[in-house]
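So the chains spell out like this:
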Amino acid sequence: RMWKRLILSHRSVGHICCLASSTTYRRSLPSRFYFAMSEPAAKKANMAPIIGTHDGQFHCDEALACFLLKQLPAYKDSTVTRTRNPEKLAECAIVVDVGAVHDPSKNRFDHHQRDFDGTMSSLSDGKYPYTTKLSSAGLVYLYFGRDIIAEILQEKEDKVLDILYKSMYENFVEEIDAVDNGISQHEDSEARYRVTSTISARVGRINPSWRNEDADRDVLFGQAMELVGTEFVNMLKFYHQDWLPARKLVEDALEARFEVHDSGEMIYLPQTCPWKAHLFQLEEESAAAGESINIKYALFTDQHGKWRVMCVPISPGSFTSRKPLPEAWRGVRDQEVRRGGWQGVVKSCSWLCNSFRTRRVFQAVSSCMLQASLAAMKLGKERWPWQPHP
């Protein structure tokens with residue numbers, strides 16, 4: 001009776017309720033993280049499979065791994081036991097980040113053993129290209145990620161799930177794998193600045209202060225699960241609801257590219273959208289099907305109604321363009337550009353993007369730029385073979 005009163009009072013203020021052992025806890029607020037503590041619910045919770053991970057200081061990878069597992073119907077009512085005791089771990093239905101065993105057939109997913117060097121690529125027989133060593137988060141994602149995404153989004157379309165599965169690994173899980181395994185972003189040089197706001201760093205700061213050794217690490221681990229889980233779901237919803245619909249715009253733009261320019265190396269997008277990653281993916285898919293597409297420029301209107309032409313980078317995230325804007329245009333604005341011979345040009349942002357006041361000027365300048373680009377490549381030159389007329 002005393003425990004029930006304590007549980008109800010804690011539930012009302014968003015605390016995690018500890019039951020029976022300091023290493024086993026229920027889910028925390030918001031409501032999807034805790035159990036209704038009626039007798040039937042408590043009985044059901046006791047029958048649910050147990051997720052095991054290590055105790056002591058926690059990290060982002062096992063917090064995410066546990067959160068992801070609890071999104072699956074098989075583990076949604078599970079408790080998480082944090083321990084290094086082999087006998088207690090043996091009672092768990094699934095164990096992550098502890099135990100020195102990687103055996104999917106037994107639901108054991110540790111990555112700390114000396115002989116483990118598994119990656120998404122090596123453990124999928126090359127199906128995925130990612131070569132970062134996996135942490136417990138990456139291991140859970142490799143084997144369960146597609147089902148987890150389908151469960152969170154209630155999505156059934158295979159193509160959508162395939163795209164989101166790859167995108168979420170590239171843009172969320174891989175970073176956590178790399179940080180946990182101590183893999184630097186820089187292979188040959190020291191980092192020029194420090195990044196301290198990553199999801200892994202934020203999880204690390206939830207650990208108790210060295211001045212507060214009496215803090216309940218299990219309660220804090222629940223907070224870490226909440227933090228990294230919320231980030232994962234928010235990122236997934238962004239890719240599903242905002243990023244993925246832009247793929248259709250890019251597909252249509254590629255279909256109509258020869259209507260924009262005879263070369264087929266310029267696309268027009270009817271509105272601003274996240275297009276670059278889709279363009280690279282669609283170019284790769286076309287190359288695999290035997291069709292070579294190599295877009296140099298993307299044309300679109302911005303939120304202010306200005307017409308823009310943007311150079312396509314050589315790779316996602318690169319600041320080097322496949323064919324940059326003319327040297328004479330770089331870093332100049334308004335009257336300076338117009339004095340250079342192009343009336344109607346608003347500004348030139350270094351080598352990346354130009355803005356135009358009207359569609360007529362936009363089309364004329366863009367066509368001229370592409371013609372010059374093609375001429376330079378035919379001549380085998382790296383520079384532009386012309387300058388704007390005074």
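Only a predicted model underlies this, so the values are computations on that prediction, with no experimental measurement involved.

Parameters at a glance
Residues numbered from 1 in each chain as written. Predicted model: local features only at pLDDT ≥ 70, side-chain atom pairs only at ≥ 80, totals over all residues. Heavy atoms only, no water. Helix = DSSP H or I, 4+ residues; strand = E, 2+ residues; numbered from the N terminus. Buried < 20%, exposed > 50% of the residue type's maximum accessible area, 1.4 Å probe, protein only. Contact = heavy atoms within 4.5 Å. Areas by Shrake-Rupley, 256 points an atom, 1.4 Å probe, with all protein chains shown as cover. pLDDT = per-residue confidence, 0-100. Axes fitted to C-alpha atoms, helices over the stretch in contact; angles between N-to-C directions. Parallel < 35°, antiparallel > 145°, perpendicular 65-115°, else oblique. Nonpolar A, V, L, I, M, F, W, Y, C, P; charged D, E, K, R; others polar. Phe/Tyr/Trp six-rings, centres within 6.5 Å; stacked < 30°, edge-to-face > 60°. Left-handed = near helix turned anticlockwise from the far one by under 90°. Polar contact = N/O pair within 3.5 Å; in protein donor to acceptor, adjacent residues only side chain to side chain.

## A short note on the overall build of the protein
Line of reasoning, step 1. Scanning the protein for helices and strands turns up 13 helices and 11 strands.
Line of reasoning, step 2. Burial statistics for the protein: of 390 residues in total, 47% are counted as buried.
Line of reasoning, step 3. Sequence-distant contacts in the protein: of pairs separated by 6 or more residues, those separated by 24 or more amount to 63%.
Line of reasoning, step 4. Per element, the accessible surface of the protein, about 20900 Å² overall, is 51% carbon and sulfur.

## A closer look at the confidence of the model for the protein
Line of reasoning, step 1. Predicted confidence across the protein gives a mean pLDDT of 78, with 69% of residues reaching 70 or more.
Line of reasoning, step 2. This stretch, residues 343–358, has a pLDDT under 50; its non-local contacts, to residues over four places away or in other chains, come to 72 contacts.
Line of reasoning, step 3. Of the regions scoring below 50 in pLDDT, residues 375–390 engages in 31 contacts with residues more than four places distant in sequence or in other chains.

## Focus on the packing of helix 3 (residues 60–69) against helix 8 (residues 217–243)
Line of reasoning, step 1. One can describe the packing of helix 3 onto helix 8 by two numbers: an axis separation of 8 Å at closest approach and a directional angle of 70°. Compared by their axis directions, helix 3 and helix 8 come out roughly perpendicular. The residues of helix 8 that touch helix 3, namely those facing Cys60, Glu62, Ala63, Leu64, Cys66, Phe67 and Leu68, are Phe221, Ala224, Met225, Val228, Gly229, Phe232 and Val233.
Line of reasoning, step 2. The class makeup of the residues in the contact of helix 3 with helix 8 is 12 nonpolar, one polar and one charged.

## Description of the packing of aromatic side chains
Line of reasoning, step 1. This model, assessed by the stated rule, comprises 11 aromatic pairs.
Line of reasoning, step 2. Ring geometry for Phe238 and Tyr239: centres 5.1 Å apart, planes at 75°, overall edge-to-face.
Line of reasoning, step 3. You can call Tyr239 buried: its relative accessible area is 8%.
Line of reasoning, step 4. Site record: aromatic cluster; members linked through ring pairs are Tyr128, Tyr130, Tyr141, Tyr165, Tyr169, Phe172 and Phe232.

## Here we look at the packing of helix 9 (residues 246–255) against helix 11 (residues 276–288)
Relative placement of two packed helices is described by the angle separating their axes and the distance separating the axes.
Line of reasoning, step 1. Interhelical geometry of helix 9 versus helix 11 gives an angle of 55° and a closest axis separation of 9 Å. The orientation of helix 9 relative to helix 11 falls into the category oblique. Taken as a pair, helix 9 and helix 11 cross one another with a handedness that is right-handed. Within the contact between the two elements, helix 9 uses Ala246, Arg247, Val250, Glu251 and Leu254 and helix 11 uses His278, Leu279, Gln281, Leu282 and Glu285.
Line of reasoning, step 2. For the contact of helix 9 with helix 11, a count of residues per class yields five nonpolar, two polar and three charged.

## Description of the side chain of Ser136
Line of reasoning, step 1. If you trace the backbone, Ser136 turns up in helix 5 (residues 136–153).
Line of reasoning, step 2. In terms of polar contacts, Ser136 uses its side chain to reach the backbone amide nitrogen of Glu62, at 3.5 Å.
Line of reasoning, step 3. If sequence neighbours within four positions are ignored, Ser136 has contacts with Asp61, Glu62, Ala65, Val96, Asp97, Phe109 and His111.

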